[in-house]
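Structure at a glance
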Amino acid sequence: MKSQIADELECVKAKYPAERAALLPALYLAQRKYGWLSAEAMDEVSRELRVPKATVRGVATFYAMYRHKQVGRNVIQLCTNVSCMILGAERLVDIIREKYGVEPGGTSADGRFSLVIMECIGACGTAPAMLVNTDFHESLTQENIVTILEGYR
Amino acid sequence: MEKVLLANIDNPKSAEIGVYEASGGYDSLRKSLELAPDDIIETVKKANLRGRGGAGFPTGMKWMFASKDPKFPKYLVCNADEGEPGTFKDRPILEKNPHILIEGMAISGHALKAEFGYIYLRGEYPAAKGILEEAIRQAEAKGYIGDNMMGSGRNFKLAVHQGAGAYICGEETALIESLEGKKGHPRIKPPFPVNVGAWGMPTIVNNVETLSNMPFLMRVGPEAYAAIGSKECPGPKLFCVSGHVNKPGVYELPMGVTLREIIYDHCGGIKNGKTLKAVIPGGISTPVLPPDKIDCPMDFVNMPKHGSMLGSGAVIVMDESVCLVKVCLRALKFFEHESCGKCTPCRDGVSWLRQVLARIEGGEGRPGDIELLSEVAGNITGKTFCPLGDGAASVVLNFIKHFRDEFDMHIARKGCPIK
Ligand SMILES: Cc1cc2nc3c(=O)[nH]c(=O)nc-3n(C[C@H](O)[C@H](O)[C@H](O)COP(=O)(O)O)c2cc1C
Ligand code: FES
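Residues numbered from 1 in each chain as written. Chains lettered and ligands numbered in written order. Predicted model: local features only at pLDDT ≥ 70, side-chain atom pairs only at ≥ 80, totals over all residues. Heavy atoms only, no water.

**Points about the sheet that holds strand β8 (residues 314–319) of chain B**
Residue and element names in this part refer to chain B. The criterion, for reference: DSSP bridges decide pairing: two strands pair if at least two such bridges lie between them. A run of DSSP states H or I qualifies as a helix once it reaches four residues; a run of E qualifies as a strand once it reaches two. Both are numbered from the N-terminal end. To get an axis, fit a line to the C-alpha atoms, keeping to the stretch in contact for a helix; angles then go from 0 to 180 degrees between the N-to-C directions. Whether two residues are in contact is decided by their heavy atoms, any of which lying within 4.5 Å being enough.
The mixed open sheet is built from four strands, whose spatial order is β6-β5-β8-β7. The open sheet terminates on both sides in strands that have one partner only, identified here as β6 (249–254) and β7 (276–280). Within the sheet, the average angular offset between the axes of one strand and its neighbour, ignoring direction, is 30°. Where β7 lies against β8, four bridges are found, and the strand directions are antiparallel. Residue pairing across strands places Ile280 opposite Ile316, the latter belonging to β8. Sheet contacts for helix α12 (residues 259–266): β5 (236–243), β6, β7 and β8; angle to β7, the most-contacted strand, approximately 120°.

**Some thoughts on the interface of chain A and chain B**
Just so we agree on the cut-off: We define buried area as the total accessible area lost by two parts upon association, computed with a 1.4 Å probe and summed across both. We count a salt bridge whenever a side-chain nitrogen from Lys or Arg sits within 4 Å of a carboxyl oxygen from Asp or Glu.
On the chain B side, the residues contacting the 37 residues of chain A number 54 residues. Summing both sides of the interface, chain A and chain B together bury roughly 3,500 Å²; the carbon and sulfur share of this comes to 62%. Our count for the contact surface shared by chain A and chain B stands at three salt bridges. Glu138 of chain A serves as the salt-bridge partner of Arg91 of chain B, at 2.9 Å between the closest nitrogen and oxygen. Mapped by element, the contributors of at least two residues to the side of chain A that touches chain B are α2 (23–34), α4 (53–62) and α5 (82–85) of chain A. With four residues, α2 of chain A is the single largest residue contributor to the side of chain A that touches chain B.

**Side note on the domain arrangement of chain A**
This is how it is decided: The domain limits used here are those given by an automatic or database domain assignment.
Under the domain assignment, chain A is made up of domain 1 (6–62) and domain 2 (74–150). Just the C-alpha atoms count here: the centres of domain 1 of chain A and domain 2 of chain A sit 29 Å apart.

**Things to note about helix α15 (residues 369–380) of chain B**
All names here are of chain B. Applied cut-off: Helix span is expected to be 1.5 Å times the residue number reduced by one. Each residue gets one of three labels from its accessible area relative to the maximum for its type: buried under 20%, exposed over 50%, partly exposed in between, using a 1.4 Å probe on protein chains only. When we speak of the arc, we mean the arc of directions from the helix axis to the C-beta atoms.
The end-to-end C-alpha distance of α15, which contains twelve residues, comes to 17 Å, matching closely the 16 Å that a straight helix rising 1.5 Å per residue would cover. For α15, the complete set of buried residues consists of Asp369, Ile370, Leu373, Val376, Ala377 and Ile380. Here the buried residues of α15 occupy an arc of 125° about the axis, which is enough to place them on one side. The inward-facing, buried residues of α15 abut α14 (344–361) and α16 (387–412). Phi turns positive one or two residues past the end of α15, at Gly382, with a value near 80°.

**A few points about the sheet that holds strand β1 (residues 75–80) of chain B**
Residues and elements named next belong to chain B. Pairing within the open sheet is parallel, and its four strands lie in the order β3-β2-β1-β4. Taken across any chain shown, the strands that pair with only one partner, and hence form the sheet edges, are β3 (157–162) and β4 (203–207). Direction aside, neighbouring strands of the sheet carry axes that sit 20° apart on average. Summarising the sheet, strand β2 (residues 116–121) and β3 pair through six bridges and their orientation is parallel. The partner of Tyr118 across the bridge, within β3, is Ala159. Packed onto the sheet, helix α6 (residues 98–112) meets β1, β2, β3 and β4 and runs at close to 150° relative to β1.

**Focus on the packing of aromatic side chains**
Residue and element names in this part refer to chain B. Selection rule: The pairing test for Phe, Tyr and Trp rings, Trp by its six-membered ring, is centres within 6.5 Å, and the orientation test on the planes gives stacked under 30 degrees, edge-to-face over 60, and tilted for anything in between.
Counted under the stated rule, the structure contains 15 aromatic pairs over all chains. Ring centres of Tyr26 and Tyr144 lie 4.0 Å apart, and the angle between their planes is 10°; on these two criteria the pair is classed as stacked. Taken together, the positions of Tyr26 in the loop between α1 (17–22) and α2 (27–33) and Tyr144 in the loop between α7 (126–141) and β3 put the pair 118 residues apart, joining distant regions of the chain. Both rings, one in Tyr75 and one in Tyr118, keep their centres 6.3 Å apart while their planes meet at 40°; by these two values the pair is tilted.

**Some words on the nonpolar core**
Rules: By nonpolar core is meant a set of buried Ala, Val, Leu, Ile, Met, Phe, Trp, Tyr and Cys residues that side-chain atoms within 4.5 Å join together.
Ranked by internal contacts, the top residues of the largest apolar core, which has 87 residues, are Leu27, Val45 and Tyr63 of chain A together with Val327, Leu332, Phe335 and Phe399 of chain B. Ranked by the residues each element gives to this core, the list is headed by α16 of chain B, at ten residues. Once residues lying within four places of it in the same chain are set aside, the contact partners of Leu27 of chain A are Leu37, Met42, Val45, Val56, Val59, Ala60 and Tyr66 of chain A.

**Here we look at the site of ligand 1**
Residues and elements named next belong to chain B. Put simply, the test is: Any residue with a heavy atom positioned within 4 Å of a molecule or strand is treated as near that molecule or strand. As used in this structure description, the phrase polar contact means that two N or O atoms lie within 3.5 Å; if the pair is within protein, one of them must be able to donate a hydrogen and the other to accept it, and residues adjacent in sequence are counted only when both atoms belong to side chains.
Taken together, 17 residues lie near ligand 1, and Gly53, Asn79, Asn206, Asn207 and Thr210 sit nearest. A distance of 3.3 Å is found between an oxygen atom of ligand 1 and a backbone nitrogen or oxygen belonging to Arg52. Take the shell around ligand 1: its biggest share by element is three residues, from β4.

**Considering the pairing of β6 of chain B**
Regular strands show a simple pattern: their side chains alternate between the two faces of the sheet. By the bridge criterion, six bridges tie β5 of chain B to β6 of chain B in an arrangement that is antiparallel. Its bridge partner lying in β6 of chain B, Pro236 of chain B is registered against Pro254 of chain B.

**Quick look at the domain arrangement of chain B**
All names here are of chain B. Cut-off, in case you're wondering: Classes in brief: Ala, Val, Leu, Ile, Met, Phe, Trp, Tyr, Cys and Pro nonpolar; Asp, Glu, Lys and Arg charged; the others, Gly included, polar.
Along its sequence, chain B is carved into domain 1 (17–226), domain 2 (236–319) and domain 3 (324–413). For domain 1 and domain 3, the distance between their C-alpha centroids amounts to 35 Å. Taken together, the ten residues of domain 1 in the interface contact nine residues of domain 3. Summed over both partners, the interface of domain 1 with domain 3 comes to about 830 Å²; 77% of that surface belongs to carbon and sulfur atoms. Broken down residue by residue, the surface that domain 1 buries against domain 3 is led by Tyr167, Ile168 and Pro186, which jointly contribute 54%. Where domain 1 packs against domain 3, one counts two residue pairs in polar contact (both at pLDDT 80 or more). Taken together, the residues of the side of domain 1 that touches domain 3 break down into six nonpolar, three polar and one charged.

**Some thoughts on the pattern of salt bridges**
Residue and element names in this part refer to chain A. Scanning the model with the defined rule gives 39 salt bridges over all chains in all. A salt bridge links Lys13 to Glu19, with the shortest nitrogen-to-oxygen separation between them at 3.8 Å. We classify Lys13 as buried; its relative accessible area is 14%. The partly exposed category is assigned to Glu19, whose relative accessible area is 29%. A salt bridge links Glu150 to Arg153, with the nearest nitrogen and oxygen atoms 3.4 Å apart.

**So, a nonpolar patch on the surface**
Residues and elements named next belong to chain B. Quick reminder of the rule: In this analysis, a patch consists of residues with relative accessible area above 30% that form no salt bridge, clustered at 9 Å for like charges and at 5 Å for the nonpolar side chains Val, Leu, Ile, Met, Phe, Trp and Tyr. Accessible areas in this description were obtained via Shrake-Rupley with a 1.4 Å probe; residue shielding takes into account the shown protein chains only.
Side chains of Phe57, Met61 and Phe65 sit close together on the surface and give an oily, nonpolar patch of about 260 Å² of accessible area. For Phe65, the location among the structural elements is in helix α4 (residues 59–68). Residue classification places Phe65 among the partly exposed positions, given a relative accessible area of 39%.

**So, unusual backbone geometry**
The amide bond that connects Ala127 of chain A to the next residue, Pro128 of chain A, takes the cis arrangement and shows omega of -10°. Inspection of the secondary structure assignment puts Pro128 of chain A in the loop between β2 (113–118) and β3 (130–132). Here the residue pair Phe72 of chain B and Pro73 of chain B is connected by a cis peptide bond, since its omega of 0° sits within 30 degrees of zero. Following the sequence through the fold, Pro73 of chain B ends up in the loop between α4 and β1. A positive phi angle, near 60°, is found at Asn48 of chain B, a position not held by glycine. Relative to the helices and strands, Asn48 of chain B resides in the loop between α3 (37–47) and α4. A relative accessible area of 24% means that Asn48 of chain B is categorised as partly exposed. In this model, Glu82 of chain B sits at a positive phi of 25°, which is unusual for a non-glycine residue.

Structure (structure tokens):
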């Protein structure tokens, strides 16, 4: 059976002098397709790139942005590094926890939100900041964060 | 000062190639393609351009090493990993002025006889990926890059490689490993990447801002460039200011502007009329400074003489309400999380520092803990594969050096005296 990520992977491979370099992009492709990197998804990447399974797994677990369990429909990535922390990011973690019943690293029971605590996401001048899926939200306050999150179902 | 790196930034269409061309964009590339590669390297040396990624290494010298290596192909890699906490200076270039980077890379590629370029972009900048890829397509369609750039007979292929959330991949050898599809473990140096880099070939890694200086530098020439800002370390520089100032943001100012000028003249001083307590001048890995040490010229040569470093130009300003033990602990949590785990002094030492800081912050500090911190930090310094461990140790040592009282008080009063 032809792998679902094979076609896109061909374009990606062409960018590099060695096939192995396509491993990070391939993991992204698999993650986009399946929502997270299950053992099957990683095995598929291993077959496509002819890289040993254990190597694929080693690389996939090294990087923070690859997900190794099912995530919610929306992923909140909230920064708590220094510039965000001194402007109140910790309180925002509490608000999300209380309002949506989701712990850092976890997913709400209804599958609506996963919460990931991030290191700096490059929005320190408009701290505190978060990414929801791939959208930046900056200059967060205890009030506007709920309004923003209500926009994600 | 005329804005160079942030030119057009207020134009909502600044990322489009037409807007860039209208203000002279790609003229420098046209001019540079008529020059011999070595002449461009000479120009960069004369201009005294230093790398903006954190270490301030002289760019012309790095390029000369790479250029002298007889192996081909050579690779030019733009470091757009921007992971140093507090840093958000490359983001406006990547998202709003992508063509200045592409033109800069094409000029640099010509100078280095590198036909392949990669932009190693951090995974946390998803919007920038689309913007850069579109800008590359536009530049290729116009014949500025790709095969036979502007009819010069030279080729330059450019692609974006997306990182996946690992701070250590900002370190150039870890970045190269990651580009090759591996874990981001730093390599032992030497050999240096300029000789043995990506896929074993000479590889030049430069920061986004460094490469983006090239169109302007080639347009005005080395003398005019070197006349901007500090004599020892000239040029325009991006400073990204966060924390308790009235006007945080990214500022383009001459190298050598003082920290005081940045905070009070450009950023409107401390918010809500409070007083300044501490500043981290160049991203979280650089030594913290107390308020009486902010008359330092912000450049790579002078900052070390004033007890800190320019780093990434990320100025984090903290007012009197901030608990510095907590800030130090948060910084160490970051380093512990981001240590790649390859070498023991960094992996175990940083974790140990974090644990001791956590108990001090939590009100369970013991007499002798500060000496313990100093000792552990001292045993990390100089004993690690890459500067991540050194950075973590120096953060702790400098917080203690300037703000020892606050640590003592946490231990004596079994908790934070500020609360
Ligand atoms: C732990 C660590 C993280 C780094 N992160 C970055 C980064 O995010 N961006 C960057 O340009 N340089 C970073 N550097 C510096 C690079 O290793 C390298 O010196 C730089 O990209 C060279 O470019 P330049 O000469 O133009 O400054 C980092 C270094 C270390 C040790
Ligand atoms: S510290 Fe939060 S975005 Fe930089």
